[in-house]
2 protein chains.
Amino acid sequence: MAKRQLKLGAFMRPVSLHTGAWRYPGAWADANFNFAHLKRMAQKLEEGLFDAFFMADHLAVLNMPVEALKRSHTVTSFEPFTLLSALAGATEHLGLVATASTTFDEPYHIARRFASLDHISGGRAGWNVVTTSNPDAARNFGREDLLDHDERYRRAREFVDVVTGLWDSFADDAFVRNVETGIYFDPARMHVLDHKGEFLNVRGPLNIARPVQGWPVIVQAGSSEPGRQLAAETAEAIFGAANTIEAGRAFYADVKERMDRLGRPREHLKILPGLFVIVADSLAEAQERRALLDSKVHAQSAIASLSVWLGLDVSSFDLDRPLPDNLPETNQSRSGRERVIEMARRENLTVRQLAQRLGGYGGLTMIGTAASIADEMEAWLESEACDGFNVMFPYLPDGLFDFVDKVIPELQRRGIYRLAYEGSTLRENLGLPRPANRFFD
Amino acid sequence: MAKRQLKLGAFMRPVSLHTGAWRYPGAWADANFNFAHLKRMAQKLEEGLFDAFFMADHLAVLNMPVEALKRSHTVTSFEPFTLLSALAGATEHLGLVATASTTFDEPYHIARRFASLDHISGGRAGWNVVTTSNPDAARNFGREDLLDHDERYRRAREFVDVVTGLWDSFADDAFVRNVETGIYFDPARMHVLDHKGEFLNVRGPLNIARPVQGWPVIVQAGSSEPGRQLAAETAEAIFGAANTIEAGRAFYADVKERMDRLGRPREHLKILPGLFVIVADSLAEAQERRALLDSKVHAQSAIASLSVWLGLDVSSFDLDRPLPDNLPETNQSRSGRERVIEMARRENLTVRQLAQRLGGYGGLTMIGTAASIADEMEAWLESEACDGFNVMFPYLPDGLFDFVDKVIPELQRRGIYRLAYEGSTLRENLGLPRPANRFFD
């Protein structure tokens, strides 16, 4: 029997997710306003047969202390739809997943833009559905009071329902274009949505033909209770946040069991945890790279963040020595705190190094050679901790190039990664069915 | 002294503005969901050294009787930002003007998308600022009651002010990216807008660097009194609607005099009337093409529209004979009615032909050989009836290809059209200054 196949997204910010990455030797520090760099990276991802370029997004300049803000390359970035549409022309197979919030936008606009991106790209669009709770974003849209968590999720659910309903405005065969009779489309194959709901009133129809994929692929990231349930009901890919293989297996089992109870086939949703990868020709070299990368993080800001994280003023400790033993108890989350302390002890990190590690990127990381990383990825796949990963590169472009040149061939050798794209759409590559139109056969 | 130079935009719907165009021999009737066709047309426009691809837009399926609707190719189209961003990658010089409404969108989104398009295209974005009064569009955005005309214009003015303010969030030199010190940008060179107005509250800053052009080029189409005044104050190009050279001269003089009174240099605003062009190797052949094109318009729908236009039930007339003499008086606008009747008499059109002419395209038209069309265009330019045109092609792609292959060389021979692009940005090609940042030197 053929082995299960890894699916791979690339979770991208133009200059990397890591806060110190723009200072790493060889970094393209201006990639957040230099399209040529983005194009080159997307083409390399396609060479590596990645399923999708997954564009992160924020609706504000992130609210952080000015000492941290002025060191952050995330203050400026491309807008996802314009970026991904431009990348559509520079690639042929790569999926294009845009983050778009249900909190401060209109479903008619969102439905239209994704449908347009899907037509332009020949069926490669995906929607990372997020809600926005950042108060600074709210103030960019004239809102002073944010929706509470439950309201945000109820609105998100209604919003997705309206958007998918708008995508179904026309049957696939609506456009007859009969030059002889002069009939361009069959009005009986057009549906007026006429949605009236708790948060949204949207008449429709959408003024664009049904997307090539029927619906662009629906991606979610929620890990809260309502987030998991919404995902089990409606998502086709989840951008997961498990930090360990055990947490990954528990999350995977929980979401897939929710699908079982809903009568949804398990393979209709791909769980892709975020994964930060540092690959080199030896473990020692990879560790050196990580140490160099972490050293680019602003220590003072990172120490302030670590203090918040641990619920302790760590700036009073000796920054060049390990964390003291017998740290006082605090009100912080025990498991998160213990994970951090355990990591610091295991790697013998000084307080400063620990702060810089977490200030750079603190989530699931695989570090080592192509073979050791492929071992770990395979273990996750085979033990049903994931269906693949959303890969985050530590620095760009080299981290991405190294992954494609070193890790991908290793995954292919093991028979757990494609040798060529399976289909022409993102759906076909991910192995997802094309949704039926809810209004038409 | 060098002659004044014509500026040329191409006012585009993917299948043409003309309602019968999709049935014309050789038409690309599926261009509204076939990106390859749009790419080919944009590249041909660039070969013809056009200033800009100007994308028309609507926020709804247009409300028309079903007999007309089902014959209309405008029911489906690409969304402007995704389309133009994809075209940015397929072209190097062509300006990319997106229609975006101030009525049903958020200034933060609009500012961000245009800034992103401007960065992606290397400074080729333009914004066609419109207000939306279509009640069907309102219902796609949960609004039952439309703003009245004055409110729409007040909101538009405030909206443009907020968007341009957001574009100025960062000084051009804000991003220092000093790898040694770790400073990515200078917070003293970032401005928080903190706008609180009649219609909009927007904090800012925008999370993208200042556009390459400072601001994308601001285009407007308003011909009403508040529309002209807003344009004289803020527009850099006007999409005009003059039907005759006399009307063109009057409009031109009025707007430029408003600029004089405001102390704005006249050359900072280009007036580009919409112009429908049918070119062939002889006038007779061009007229045959127009007759064939008009014959593709659905007569019944067109006759219903002509009845409304004239304020008379024309379906009771003999459709294959000219309009009867001594038409009864009605309450319709006298000048519009007389213009239509005069055109019918001059060209000896039957009632059906008149209806199909107006149902296809009823505005300013030039028809004939490349030489005769260039004569007319030159006369408009030299008599200060325009600074150029927004050209509309009768059918696509052939109408566009013919214009580039036949009319453009004729304009160049006369020394009134460029032989190469003057600059690298839309602004530079149009001869418009780069706006100063209102918050920073």
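Residues numbered from 1 in each chain as written. Chains lettered and ligands numbered in written order. Predicted model: local features only at pLDDT ≥ 70, side-chain atom pairs only at ≥ 80, totals over all residues. Heavy atoms only, no water.

**Remarks on helix H14 (residues 398–413) of chain A**
All names here are of chain A. With 16 residues, H14 should reach 22 Å at 1.5 Å per residue; the first-to-last C-alpha distance of 22 Å fits that figure. Along H14, the sharpest kink reaches roughly 30 degrees, centred on Val404. Looking only at H14, the buried set comprises Gly399, Leu400, Phe401, Asp402, Phe403, Val404, Val407, Ile408, Glu410 and Leu411. Those residues of H14 that are buried are in contact with strand S1 (7–12), helix H1 (35–47), strand S9 (270–279), helix H9 (283–295), helix H13 (370–382) and strand S11 (388–392). (Helix = DSSP H or I, 4+ residues; strand = E, 2+ residues; numbered from the N terminus. Expected span 1.5 Å × (residues − 1). Bend = angle between axes of the 7 residues up to and from the residue. Buried < 20%, exposed > 50% of the residue type's maximum accessible area, 1.4 Å probe, protein only. Contact = heavy atoms within 4.5 Å.)

**So, the interface of chain A and chain B**
A common way to report how large an interface is uses the accessible area buried once the components associate. At the junction of the two partners, chain A supplies 68 residues and chain B supplies 68 residues. Across the chain A/chain B interface, buried area totals approximately 6100 Å², and carbon plus sulfur atoms make up 60% of it. Joining chain A to chain B, the criterion identifies eight salt bridges. With its nearest N and O atoms 3.8 Å apart, the salt bridge here joins Glu79(B) to Arg113(A). Breaking the side of chain A that touches chain B down by element, the ones donating at least two residues are helix H2 (66–69), helix H3 (80–90), helix H4 (107–120), helix H5 (135–139) and strand S6 (201–202) of chain A. Counting residues per element, the side of chain A that touches chain B draws most heavily on H4(A), at eight residues. (Buried area = accessible area lost by both parts, 1.4 Å probe. Salt bridge = Lys/Arg side-chain N within 4 Å of Asp/Glu carboxyl O.)

**Here we look at the UniProt feature "binding site: FMN" (unreviewed entry) in chain A**
All names here are of chain A. In the numbering adopted here, UniProt assigns the feature "binding site: FMN" (unreviewed entry) to Asp57, Thr99, His149, Tyr153, Ser223 and Ser224. Judged by relative accessible area, Thr99 falls into the buried class, the value being 7%. Residues in contact with Thr99, not counting those within four places in the same chain, are Phe54, Met55, Ala56, Asp57, Pro80, Asn128 and Val130. A polar contact is formed between the side chain of Thr99 and the backbone oxygen of Met55, at a distance of 2.6 Å. Along the polypeptide, Tyr153 turns up in helix H6 (residues 149–167). Those residues within four positions of Tyr153 in sequence are excluded, and the remaining contacts are Gly222, Ser224, Pro226, Gly227 and Leu230. (UniProt positions renumbered as here; feature names shortened; annotations may be inferred. Polar contact = N/O pair within 3.5 Å; in protein donor to acceptor, adjacent residues only side chain to side chain.)

**Things to note about the relation of the copies chain A and chain B**
It takes a turn of 180 degrees to lay chain A on chain B, together with a shift of 0.0 Å along the axis; the resulting RMSD is 0.1 Å. Both copies are brought into coincidence by an operation consistent with a two-fold rotation axis. No C-alpha of chain A lies nearer the rotation axis than that of Ala86(A), which sits 2.1 Å from it. Most of the interface of chain A is mirrored in chain B, where 100% of its interface residues again form contacts. (Least-squares fit on C-alpha atoms with pLDDT ≥ 70 in both.)

**Considering unusual backbone geometry**
Pro397(A) follows Leu396(A) through a cis peptide bond whose omega is 0 degrees. Looking at where Pro397(A) falls in the secondary structure, it is placed in the loop between S11 and H14. The linkage connecting Gly204(B) with the following residue, Pro205(B), adopts the cis geometry, with an omega of -5 degrees. On the secondary structure map, Pro205(B) appears in the loop between strand S6 (201–202) and strand S7 (217–220). One non-glycine residue, Arg177(B), lies in the positive phi region at around 45 degrees. Looking at the element boundaries, Arg177(B) is found in the loop between helix H6 (149–167) and strand S5 (195–196).

**Quick look at the pairing of strand S1 (residues 7–12) of chain B**
Residues and elements named next belong to chain B. Here S1 lies mainly inside the structure; six of its six residues are buried. Both faces of S1 are covered, namely the face carrying Lys7, Gly9 and Phe11 and the face carrying Leu8, Ala10 and Met12. Pairing geometry for S1 and strand S11 (residues 388–392), over four bridges, is parallel. If you follow Ala10 over to S11, its bridge partner there is Val391. In the sheet, S1 pairs with strand S2 (residues 52–55) via four bridges, with the strands oriented parallel. Bridge assignment links Phe11 to a residue of S2, and that residue is Phe54. One crossover worth recording links S1 to the parallel S2 by way of helix H1 (residues 35–47), and it is right-handed. (Pairing = 2+ DSSP bridges. Right-handed = clockwise from strand over helix to strand, strands pointing away.)

**Observations regarding the domain arrangement of chain A**
Residue and element names in this part refer to chain A. Examined at the domain level, chain A breaks down into domain 1 (7–281 + 369–430) and domain 2 (285–359). The interface is formed by 19 residues belonging to domain 1 together with 13 residues belonging to domain 2. Counting the surface lost from both domain 1 and domain 2, the interface buries some 1400 Å², and carbon and sulfur atoms represent 62% of this. Sorting the residues of domain 1 by area buried against domain 2 places His18, Tyr24 and Ile278 first, and these three jointly supply 33% of that buried surface. We note a salt bridge from Arg289 to Asp402, for which the minimum N-O separation is 3.0 Å. The tally of links between domain 1 and domain 2 comes to seven residue pairs in polar contact (both at pLDDT 80 or more). When residues of the side of domain 1 that touches domain 2 are traced back to their parent elements, those giving at least two are H2 and S9. For the side of domain 1 that touches domain 2, the leading source of residues is S9, giving three residues. (Domains from an automatic or database assignment.)

**Considering the packing of H3(A) against helix H4 (residues 107–120) of chain B**
As a packed pair, H3(A) and H4(B) sit with axes 8 Å apart at the nearest point and diverge in direction by 30 degrees. The orientation of H3(A) with respect to H4(B), classified from their angle, is roughly parallel. For the pair H3(A) and H4(B), contact is made by Pro80(A), Thr82(A), Leu83(A) and Ala86(A) and by Arg112(B), Arg113(B), Ser116(B), Leu117(B) and Ile120(B), respectively. Residue composition of the contact of H3(A) with H4(B), by class: five nonpolar, two polar and two charged. (Axes fitted to C-alpha atoms, helices over the stretch in contact; angles between N-to-C directions. Parallel < 35°, antiparallel > 145°, perpendicular 65-115°, else oblique. Nonpolar A, V, L, I, M, F, W, Y, C, P; charged D, E, K, R; others polar.)

**Quick notes on the side chain of Ser77(B)**
Within the fold, Ser77(B) resides in the loop between helix H2 (66–69) and helix H3 (80–90). Discounting chain neighbours no more than four positions away, the residues touching Ser77(B) are Asn207(A), Ile208(A), Arg13(B), Pro14(B), Asn32(B) and Met55(B).

**Comments concerning the pattern of salt bridges**
Inspection of the entire model under this criterion finds 84 salt bridges over all chains. For Arg418(B), the salt bridge is made with Glu422(B), and the minimal N-O distance between the two is 2.8 Å. Given a relative accessible area of 46%, Glu422(B) falls into the partly exposed group. One network of salt bridges, with partners in common, ties together Lys3(A), Asp375(A), Glu378(A), Glu410(A), Arg413(A) and Arg414(A).

**Describing the packing of aromatic side chains**
Per the counting criterion, the structure on display carries 45 aromatic pairs over all chains. Judged by centre distance (6.5 Å) and plane angle (90 degrees), the ring pair of Phe114(A) and Trp167(A) falls under edge-to-face. With a gap of 53 residues between them, Phe114(A) in helix H4 and Trp167(A) in helix H6 connect regions that are remote in the sequence. Comparing Phe114(A) with Trp167(A) shows no difference in burial state: the two are buried. Site record: aromatic cluster; members linked through ring pairs are Trp22(A), Phe33(A), Phe170(B), Phe175(B), Tyr184(B) and Phe185(B). Directly above the ring of Phe81(A) sits Arg113(A), whose terminal nitrogen or CZ lies 5.5 Å from the centroid. Geometry around Tyr417(B) places Arg418(B) over its ring, the cationic atom sitting 5.8 Å from the centre. (Phe/Tyr/Trp six-rings, centres within 6.5 Å; stacked < 30°, edge-to-face > 60°. Lys NZ or Arg CZ within 6 Å of the ring centre and 35° of its normal.)

**Focus: the pairing of S11(A)**
All names here are of chain A. With five of five residues buried, S11 lies mostly within the body of the structure. Of the two faces of S11, the one holding Gly388, Asn390 and Met392 and the one holding Phe389 and Val391 are both buried throughout. Pairing between S9 and S11: three bridges, direction parallel. Bridge assignment links Leu275 to a residue of S11, and that residue is Val391.

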